[in-house]
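# Report on the structure
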Amino acid sequence: VLPCVLLSGVPLMRLLLLSTALAGAAAQSSPFPSINQTGTLELGIPKLGFSEPGSPSFFTVPFNASRQLQLYLTPLSGNVDLYVSAVDPKPKGDEWSGGSSDFSTHLYTSDKAGLEADSVTIEARALCGDAGACPEEVHVGVVSSPLAVAAALFQLTATQLDTDSSASSGTAVTLSAGLPLDGSLAETEEAHYMFVVPNASDDTVLTLTVITAGDPDLYVSVGPALSDPAEQQVWPTATSGARWSGNAFGGERLLVPAAELREEAAGSCEQPSGCALFLSVVAYSQTGYELLAEQKSAEHPTVLRANRPASKQLEADGWAFFDYPVLANATGVLLTLTSLSGDADLFASWSQARPGIGSLSDDTYMSQSTEAVDIIRIEAGGEDWPTSLPAKLHVGVQAYGAAAEFTLLGAEPGGTAATVLSAGQPLVAELRGGDWLWYSFTPAAEGVGAITFTLTPLSGDPDLYVSQEPTFSASERWTCAEPLFGAPTCAASLEAAGATDQVVFLPGDQLYCTACTYRVLVAAATYTSFSILAQVGSVPGGGSVLGGGGKGGGGGGTDDAPVTALLPNIPTRGSVSANEYSFYRVPVSSTNRSLTVRLTSLSGDPDLYASFSELRPTEHTAEFHSGELGDDALFLSHYDPRFCNGTREGDAGCSLHLGVGGYMVNASYSLAVSFGEESKLSLISGQPQEGSLEAHAWQYYTIALGGGDVDQIVVSLEASYGDPDVYIKACPPAPPPPPPSTLQ
């Protein structure tokens, strides 16, 4: 029997348990006990701070005339700017706090938009002058952006560099469990960190996420914890001292097992001071990154940054916990959980530190959809809303039944802050009619080739707008398709309902820029859900050059090629130039289910390569290959001894790596992956989808319809061989998200 599929899109199951007696339970007088609005910065010790419109935060930091001073501001929520002065104790404080109005005293300013990290580096001669009269301390102001209406939470870090400007000779920074830190490095530079292990009996996970394009590598050693990480004489490198390392292209995720940690620490973990991990981040190319240290027991929940996606992998039935800061003037909370593999479920609570574990509190929210997306929306002002702010919303994610890889995003519904897109990492979201969402993307590296934004509708009819202008507003989007005056400042893709929208910038295009931050707007006239993806290509066309000039070549030149993650059951549109490759990754949550990869040719003749061991499979390195003329498909049985490299212990899962090669001519295609026999593939309007079936077997699809007038729906089934039949069933449209305080 064909299952009832909502024609308006991917079903989202919600169960909201709303409390009527939260007074006192949700209100927390000190949700962040170490929060600061004033104080002295210790070198290498990040300080957790808080700022709100009309109430800036001010700090002082000691100044050493023989070294450079570097300040780094990591926003966790909201939009804050950084101001530095040698004479004004309240730099940039004049507008709110009665400080000096002489802006010439503010020697340094960093006011990047949104969640982009602000940083300044201060040369000694800039403060000391020719006479050498150096100040003993520098004043720092952290101020909410003049356009901000909500408060902001941040980490402020001060380090010192030797006068040769080498980041490798600077102050090491101390990491705290669950608190992410931003960093940036030029090519060949490195930065050092120390993480004092809270529990040596627990595994430690180190995650290095690329925020802008680039390739940072991570090297880790262990030793006795130091009161000052500057006492560490030898830092791990690629050639010496590293016990654990990650040097794949892009981000890194390192697991430090507790048993290995204690063995390598040689007894230091049992000492009163404990043991510590010493980390070196080395920039293979210019990069901006986020570094996070966690322990698997989640004794210290991870701080979920507003509008900054957090990605994790969980074992079967495993848990991950987060704390999401909700600050003054917040319009609400929107949590979106996207399962890249497996079936992750979402829980949230104001009062329960580990929501979903044990008995559920009265204020627990749950979303346990069997689809790829779980969403929890909490409106400000409802009866479950905290009586005072700031507050913490506790969030739990469980991998139900099998291993799971997921992305979790926290944001304000209807907010103006932009969600940060990472290259090759798709995000799923929903919109109410008349609303819009903002995203930002910074390539931040030369030679990245094509820059592509792809918007795939799962329901409704979202539209895509992209601009370089930091002040680009929703009201200006109408000028993107047809500029009124002069050169265009933005680009738009306004395809019909159900069709994929895509904006591509090639080198030489007027709006092409690798050092800019693109501002991306997704708007919808009616309720819609969608996935959005930003990609970069090493050469125009989005692929990497095949060695030897085509089939029969050596497959070289692919080591640094970008890799894109695929969402299950959602086709991804791509293109590849002649004699090149594009690469993808498919998280596999279970070794108990087979999978199918479908490559549908839209033009040219793309070929499909797959491997469980090679990160970028080519014609010469792939374990599986389909090179038919036109469409290609691979069915990978979980009984195959090569499946997940033969792993059969438990349900840990693995990753399948894909390569799409352009044979002789340029090619465009649709690529989709599905698991098991009951999977439902999304059909994209105007985009064909390859399929194959054994006798008496079935394949299910969903069709996304827009909310406007639809005269007719045409479904065409063209058989290459055999006699397939098609059946269609219409279901009632998906209801819009519930209003606040409505029990479902």
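Residues numbered from 1 in each chain as written. Predicted model: local features only at pLDDT ≥ 70, side-chain atom pairs only at ≥ 80, totals over all residues. Heavy atoms only, no water.

## A few points about the state of the cysteines
Cut-off, in case you're wondering: A pair of sulfur atoms, both from cysteines and within 2.5 Å, is called a disulfide here. Helix and strand labels come from DSSP, where a helix needs a run of H or I of at least four residues and a strand needs a run of E of at least two; each type is numbered from the N terminus. Accessibility here uses a 1.4 Å probe with only protein chains present; expressed as a share of the type maximum, an area under 20% marks a residue as buried, one over 50% as exposed, and anything in between as partly exposed.
Scanning the entire structure with this criterion turns up four disulfides. Here Cys480 engages in a disulfide with Cys490; their sulfurs sit 2.1 Å apart. The sign of the S-S torsion, about -110 degrees, decides the handedness of the disulfide formed by Cys480 and Cys490: left-handed. Pair noted here: Cys480 is in helix H4 (residues 478-481) and Cys490 is in strand S34 (residues 490-493), with a separation of ten residues, a long-range link. Taking relative accessible area as the criterion, Cys480 reaches 5% and is therefore assigned buried. Among the residues examined, Cys490 registers a relative accessible area of 3% and is labelled buried. Linked covalently through their sulfurs, Cys644 and Cys654 form a disulfide whose S-S length is 2.0 Å. For the disulfide bridge between Cys644 and Cys654, the dihedral angle about the S-S bond is near -65 degrees, and by the sign convention the bridge is left-handed. Of the two residues, Cys644 sits in the loop between strand S45 (632-636) and strand S46 (654-662) while Cys654 sits in strand S46, which places them ten residues apart along the sequence. The same class applies to Cys644 as to Cys654, namely buried.

## Digging into a nonpolar patch on the surface
Convention followed: For patches, a residue must show more than 30% relative accessible area and have no salt bridge; joins then use 9 Å for like charges and 5 Å for nonpolar side chains, namely Val, Leu, Ile, Met, Phe, Trp and Tyr. Here the Shrake-Rupley method, with its probe set to 1.4 Å, supplies the accessible areas, and only the displayed protein chains count as covering residues. One speaks of a salt bridge when a side-chain nitrogen belonging to Lys or Arg is within 4 Å of a carboxyl oxygen belonging to Asp or Glu.
A contiguous nonpolar surface patch, about 440 Å² in accessible area, is contributed by Ile713, Val715, Leu717, Val726 and Ile728. Within the secondary structure, Ile713 is located in the segment after strand S49 (700-703). On the accessibility criterion, Ile713 (48% relative accessible area) is partly exposed.

## A closer look at the pairing of S49
Our working rule: For two strands to be treated as a pair, DSSP must find no fewer than two bridges joining them.
On S49, burial follows the alternation: Tyr700 and Thr702 on one face are buried, whereas Tyr701 and Ile703 on the facing-out side are not. Note that strand S48 (residues 680-683) and S49 share four bridges and pair parallel. What sits directly across from Leu681, in S49, is Tyr701.

## Some remarks on the sheet that holds strand S12 (residues 181-185)
Stated precisely, the cut-off is as follows: Axis geometry follows a simple rule: fit a line to the C-alpha atoms, using only the stretch in contact for helices, then measure angles between N-to-C directions, giving values from 0 to 180 degrees.
Taken in spatial order, the four strands line up as S12-S19-S14-S17 in an open sheet, and their pairing is antiparallel. Among the strands making up the open sheet, the edge pair consists of S12 and strand S17 (252-256). The sheet shows a mean angle of 20 degrees between the axes of neighbouring strands, taken without regard to direction. In terms of strand pairing, S12 meets strand S19 (residues 287-295) through five bridges, oriented antiparallel. Counterpart to Leu185 in the pairing with S19 is Thr287.

## With respect to the side chain of Thr419
Just so we agree on the cut-off: Two residues qualify as a contact provided that any one of their heavy atoms is within 4.5 Å of a heavy atom in the partner residue.
Summarising the element assignment, Thr419 is placed in strand S29 (residues 419-420). Excluding residues within four positions of it along the chain, Thr419 makes contact with Asn307, Pro309, Leu409, Leu427, Trp438, Tyr439 and Ser440.

## A closer look at the pattern of salt bridges
Working definition: two side chains of opposite charge can pair if their charged atoms are close together. Considering all chains together, one arrives at 14 salt bridges under this definition. Ionic pairing is found between Glu315 and Lys296, a salt bridge with its closest N-O pair at 3.4 Å. Here Glu315, found in the loop between strand S21 (310-314) and strand S22 (319-326), pairs with Lys296, found in the loop between S19 and strand S20 (302-303); they are 19 residues apart in sequence, far enough to count as distant. On the basis of relative accessible area, Glu315 is assigned to the exposed category, the value being 52%. Among the ionic contacts, a cluster of salt bridges with common partners joins Asp182, Glu290, Arg305 and Arg308.

## Considering the confidence of the model for the protein chain
Low pLDDT means the predicted coordinates in that region are not meant to be read closely. Stated precisely, the cut-off is as follows: pLDDT measures how confident the predictor is about each residue, on a scale from 0 to 100.
Residues of the protein chain with pLDDT of at least 70 account for 81%, and the chain-wide mean is 79. Considering each helix and strand of the protein chain separately, the mean pLDDT is smallest for strand S1 (residues 15-16), with a value of 32, and largest for strand S43 (residues 606-611), with 94. Counting interchain partners and residues more than four positions distant, the pLDDT-below-50 stretch residues 95-104 has 17 contacts.

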